[in-house]
Amino acid sequence: MTHSTMDCPVCESKHHSSVASKNGYEIHRCPDCGLLFIHPFPSPGELSDFYSNYHKSKQYGDKIASKIKRARKRIRSLGRSNGRTLLDVGCNLGFATEAGRSLGYRATGIDIDEDAVERAKVAFPECDFRPVSIDALAQGGEKFDTIYCSEVIEHLVDPLDFLKNIKSVMKNHGVLFMTTPDVGHYSLPKKIGKLVEWTTFRPPEHLLYFDRKSLGILFKKAGFHDVKFKFSFKPTLKVITSI
Ligand SMILES: [Zn+2]
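Residues numbered from 1 in each chain as written. Predicted model: local features only at pLDDT ≥ 70, side-chain atom pairs only at ≥ 80, totals over all residues.

Caption draft 1: Geometry of the nonpolar core. Of all hydrophobic cores here, the largest spans 61 residues; its most connected members are Leu35, Val89, Ile147 and Ile166. Of all the elements, strand β8 (residues 170-181) adds the most residues to this core, at five residues. (Core = buried A, V, L, I, M, F, W, Y, C linked by C-beta atoms within 7 Å. Buried ≥ 20, exposed ≤ 12 C-beta atoms within 10 Å, placed from the backbone. Helix = DSSP H or I, 4+ residues; strand = E, 2+ residues; numbered from the N terminus.)

Caption draft 2: Summary view of the pairing of β8. With nine of twelve residues buried, β8 is to be regarded as a mostly interior element. With six bridges joining them, strand β7 (residues 144-150) and β8 adopt parallel strand pairing. Each bridged residue has a counterpart across the sheet, and for Tyr148 the counterpart in β8 is Phe177. A crossover links β7 with its parallel partner β8, the connecting element being helix α7 (residues 159-168), and its sense is right-handed. When β8 meets strand β11 (residues 236-242), the two strands line up antiparallel, connected through seven bridges. Residue pairing for β11: Leu176 is matched across the bridge by Thr241. (Pairing = 2+ DSSP bridges. Right-handed = clockwise from strand over helix to strand, strands pointing away.)

Caption draft 3: Molecular detail of the sheet that holds strand β6 (residues 128-130). Taking strand neighbours across the sheet as the criterion, the seven strands line up as β6-β5-β4-β7-β8-β11-β10 in an open arrangement whose pairing is mixed. Two strands in the sheet have a free side with no partner beyond their single neighbour: β6 and β10 (227-230). Averaged over neighbouring strand pairs, the angle between their axes works out to 20 degrees when direction is ignored. Two elements, strand β4 (residues 85-89) and β7, share three bridges in a ladder whose sense is parallel. The residue bridging Leu87 from the neighbouring strand is Ile147, located in β7. Contacting β4, β5 (106-110), β6 and β7, helix α4 (residues 95-102) runs over the sheet at an angle of about 175 degrees to β5. Lying over the sheet, helix α9 (residues 212-221) contacts β8, β10 and β11, oriented at roughly 25 degrees with respect to β11. (Axes fitted to C-alpha atoms, helices over the stretch in contact; angles between N-to-C directions. Contact = placed C-beta atoms within 7 Å.)

Caption draft 4: The packing of α7 against α9, seen in detail. Contact geometry for α7 and α9: axes closest at 9 Å, N-to-C directions at 55 degrees. As the angle between them shows, α7 and α9 are arranged oblique. Crossing handedness for the pair α7 and α9: right-handed. Taken together, the residues of α9 that come into contact with α7 (itself represented by Pro159, Leu160 and Leu163) are Leu218, Phe219 and Lys221. In terms of residue class, the contact of α7 with α9 is made up of five nonpolar, no polar and one charged. (Parallel < 35°, antiparallel > 145°, perpendicular 65-115°, else oblique. Left-handed = near helix turned anticlockwise from the far one by under 90°. Nonpolar A, V, L, I, M, F, W, Y, C, P; charged D, E, K, R; others polar.)

See the structure below:
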C-alpha cells in the first residue's frame, strides 16, 4: 500500500518534511534521527515492476575479480574463518559469498532475486546459494557465525524488521559486517540541493539514506549494543557489530 503519510522508518517520528525531490519522488528528512528517505514509499507493485528487470538494467556482472577481492579484504578483517559459517545477505551474483568460501568459511548466500541466485550457483558451485528472504531463513532457525550484508538496507521498506531478522540468525558472539551509502560523509556537499545530485540518490531503487547517527539508532533499536563504524575514504558506512 502507498502511505499518504508514514512515520520515519528508523525512529517513528512524525515530524519529517520534504527537503528535496528527485526522479519524481519526494525526499524527506527526519529532524529526530537525521534519516533521509523517500516519502511516500513506492507501492509494492511499483517496486516489483522496478526489480523485475533489476540486474538486467545494472552492470552487476562487471569487474568480478575486483569485487571478490574487495569482499575478501573486508571479510578477512572480521577474524578467524576456519570451519566457521558465513551468510551473505542479499548476495546478488554471489561475489562476497565466494570471497568468504575462498577464505575458508562454509559460505551461504541468500537473495530474493531467483535469477541472480541461479547465476550465482553456476558461477560459484562450491557455495550454498538459496533464493530466500532473511525472514524466511530466520523462521528456519539456522544460525551463522559471520554475516555479510553489503548495499542492501538502503533498498528496504522495513529496515528494523530486516535487522531483527539478521540478529536472529546470528550465533552467540557472531559478527555482522554491513555497508550502506553514507550521506553524512565528509567528502559530500552539506546543502541538500547539492547532496541529492549524488548518484546514490536514485529512487525508487534507494529508499533510505543513512548517516552514522540514523544507522546507529536503527542498530540500537534492533538490539545491537556495540556498534562500530570503520573509517572509510569513500562515502560508505561500514558497520561492524556482534551479539
Ligand atoms: Zn527518524
